[in-house]
Amino acid sequence: LSFAGGPWNDYVSHSMGWNHKLSAVQAAFTCSQLDRFGAYETARQRNVGAFLGRLAELPGLTVPTADPRGTHAWHILRFRLDPEAAGLTDVEPGAFRRAVQRLLRAEGVPVSRYQVRPLPEHGVFAGATGPGRVGAGGGHAVARAVIGDSLTLQRRHLRPDAGPALRCYADGFEKVWRRLDIVAHLARAAR
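Just so it is clear, the model here is predicted, and its values are computed rather than measured.

What the protein contains, in helices and strands, is 6 helices and 3 strands. Scanning the protein from its N terminus toward the C terminus, one meets helices and strands in the order α-β-β-α-α-α-β-α-α. Taken over 191 residues, the protein has a buried fraction of 35%. Contacts in the protein between residues far apart in sequence, at least 24 positions, make up 69% of those at least 6 positions apart.

For the protein, the average pLDDT comes to 87, and 88% of its residues sit at 70 or higher. The model gives residues 1–6 a pLDDT under 50, and that stretch makes 10 contacts with residues more than four places away or in other chains.

The first and last C-alpha atoms of helix α5 (residues 163–178) sit 23 Å apart over 16 residues, in line with the 22 Å expected at 1.5 Å per residue. Considered for burial, the residues of α5 that qualify are Gly163, Leu166, Tyr169, Ala170, Gly172, Phe173, Val176 and Trp177. Looking at the packing, one finds that the buried side of α5 touches α1 (24–55), β1 (61–62), β2 (77–81), α2 (93–106), β3 (150–153) and α6 (180–189).

Below, the discussion takes up the sheet that holds β2. One open sheet holds the 3 strands; their spatial order is β1-β2-β3, and the pairing between them is antiparallel. Looking at which strands have only one partner, the edges of the open sheet turn out to be β1 and β3. Across 4 bridges, the pairing between β2 and β3 is antiparallel. Across the sheet, Phe79 pairs through a bridge with Leu151, a residue of β3. In this fold α1 packs onto β1, β2 and β3, with an angle of close to 0° to the strand it touches most, β2.

The subject of this paragraph is the nonpolar core. Core analysis: the biggest nonpolar cluster contains 36 residues, and Phe51, Phe79, Phe96, Phe173 and Trp177 have the highest contact counts within it. Elements that contribute at least two residues to this core include exactly α1, β2, α2, β3, α5 and α6. If sequence neighbours within four positions are ignored, Phe79 has contacts with Phe51, Leu52, Leu55, Leu61, Thr62, Val63, Pro64, Asp149, Ser150, Leu151, Leu153 and Phe173.

A few words now on the pattern of salt bridges. Counted under the stated rule, the structure contains 10 salt bridges. Where Arg54 meets Glu174, a salt bridge forms, and the shortest distance between an N and an O atom there is 2.6 Å. On the criterion of sequence distance, the pair formed by Arg54 in helix α1 and Glu174 in helix α5 is long-range, its members being 120 residues apart. Note on Arg54: relative accessible area 27%, which makes it partly exposed. Within this structure, Arg54, Asp171 and Glu174 form a network of salt bridges that share partners.

About the criteria used
- Residues numbered from 1 in each chain as written.
- Predicted model: local features only at pLDDT ≥ 70, side-chain atom pairs only at ≥ 80, totals over all residues.
- Heavy atoms only, no water.
- Helix = DSSP H or I, 4+ residues; strand = E, 2+ residues; numbered from the N terminus.
- Buried < 20%, exposed > 50% of the residue type's maximum accessible area, 1.4 Å probe, protein only.
- Contact = heavy atoms within 4.5 Å.
- pLDDT = per-residue confidence, 0-100.
- Expected span 1.5 Å × (residues − 1).
- Pairing = 2+ DSSP bridges.
- Axes fitted to C-alpha atoms, helices over the stretch in contact; angles between N-to-C directions.
- Core = buried A, V, L, I, M, F, W, Y, C linked by side-chain atoms within 4.5 Å.
- Salt bridge = Lys/Arg side-chain N within 4 Å of Asp/Glu carboxyl O.

Okay, here's the thing in structure tokens:
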């Protein structure tokens, strides 16, 4: 990722990357960790499942799901926010997202935005040509909607030992949702 396009963590690809391989030392370390994988995976599924189960009850908040035939790595959790479904019919989705983010962060929930441009609009693809071209220059309405109305919780908060933190984060979400009147006030004031 290049700094030229914005902050270090803007997650916008400005040039082609490389296909790096693990060194022998990295591969040996990775193999040594495989003995722990089963327990880590079980803990992560239990913790994230309980967290998402609590949040799924909140109106206007869509939580990520996994196909029941498999498991999910839960690398990043993307939450979609819908003010209308939350009963706030006169609140714009972007303003709702900003107000919710402000209040969740005040409650200690480290939500953030992530990948704020559709992939075809990344500089590396903007000039692409040929039959597989995905470059800029068109709609991407669904991607724009997801980017505009969502917040994420990143992997550093989803570790196998994060159960207590996730319970506190769920408490924070529930507290904010109990005061949707304040969320609406903040969102309307931002107009």
